[in-house]
Amino acid sequence: YYFAIKTLDEVPNISYMSNIATAATPLQDKFSCTACTAVIVRSTLNRVAAQDNALLSSCFGKDPATTLPGGRSCTPADINKDGSVNQADVDCLRSVYFQTCTASP
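Residues numbered from 1 in each chain as written. Predicted model: local features only at pLDDT ≥ 70, side-chain atom pairs only at ≥ 80, totals over all residues. Heavy atoms only, no water.

Colleague: What is the right way to read the overall build of the protein from this model?
Modeller: Within the protein one finds three helices and two strands. For the protein, the succession of helices and strands along the chain, N to C, is β-β-α-α-α. Projected onto its principal axes, the C-alpha coordinates of the protein cover approximately 75 × 30 × 20 Å. Residue burial in the protein is summarised as follows: out of 105 residues, 26% are buried. Considering only residue pairs separated by 6 or more positions, the protein has 42% of its internal contacts joining residues 24 or more positions apart. Working note: accessible area of the protein is about 7400 Å², and carbon and sulfur atoms make up 57% of it. Looking at the protein, you have 8 positive and 9 negative side-chain charges, and the mean spots of the two groups are 11 Å apart. (Helix = DSSP H or I, 4+ residues; strand = E, 2+ residues; numbered from the N terminus. Buried < 20%, exposed > 50% of the residue type's maximum accessible area, 1.4 Å probe, protein only. Contact = heavy atoms within 4.5 Å. Areas by Shrake-Rupley, 256 points an atom, 1.4 Å probe, with all protein chains shown as cover. Lys, Arg positive; Asp, Glu negative; His and termini not counted. Charge placed at Lys NZ, Arg CZ, Asp CG, Glu CD.)

Now the structure itself:
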């Protein structure tokens, strides 16, 4: 998109065109947040639950390659696989909290 402004006063004196500003809309994100993509800690229930939230909280702001004390990897906490454990991962987890994955992720 391109934007420019012209103004006029009460006389009317018309201004020259302003500098042109440009903006672009972001590309559509291809990631789809589902209970199956947000189950971080695999269990027999296969449900997004407190243990997923705990791991995500521990890994928030870290590189997914980080290994936490005790040997837990942050890789699964990067739910959308964008290379960072960030707010997008938190938002996904919250949107499907306590839902059960009924298919393979």
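Colleague: Help me understand a nonpolar patch on the surface, please; the structure alone is not making it clear to me.
Modeller: A contiguous nonpolar surface patch, about 410 Å² in accessible area, is contributed by Tyr2, Met17 and Ile20. By secondary structure assignment, the location of isoleucine 20 is in the loop between β1 (2-3) and β2 (21-22). (Patch = residues over 30% accessible without salt bridge, like charges linked within 9 Å, V, L, I, M, F, W, Y side chains within 5 Å. Salt bridge = Lys/Arg side-chain N within 4 Å of Asp/Glu carboxyl O.)

Colleague: Explain the side chain of aspartate 52 here, please?
Modeller: One can find aspartate 52 in helix α2 (residues 50-59). Buried charged residue aspartate 52 carries no salt bridge. Nearest counter-charge: arginine 72, at 7.1 Å. Dropping the residues within four chain positions of it, aspartate 52 is found in contact with Ala38, Val39, Ile40, Val41, Arg47 and Leu93.

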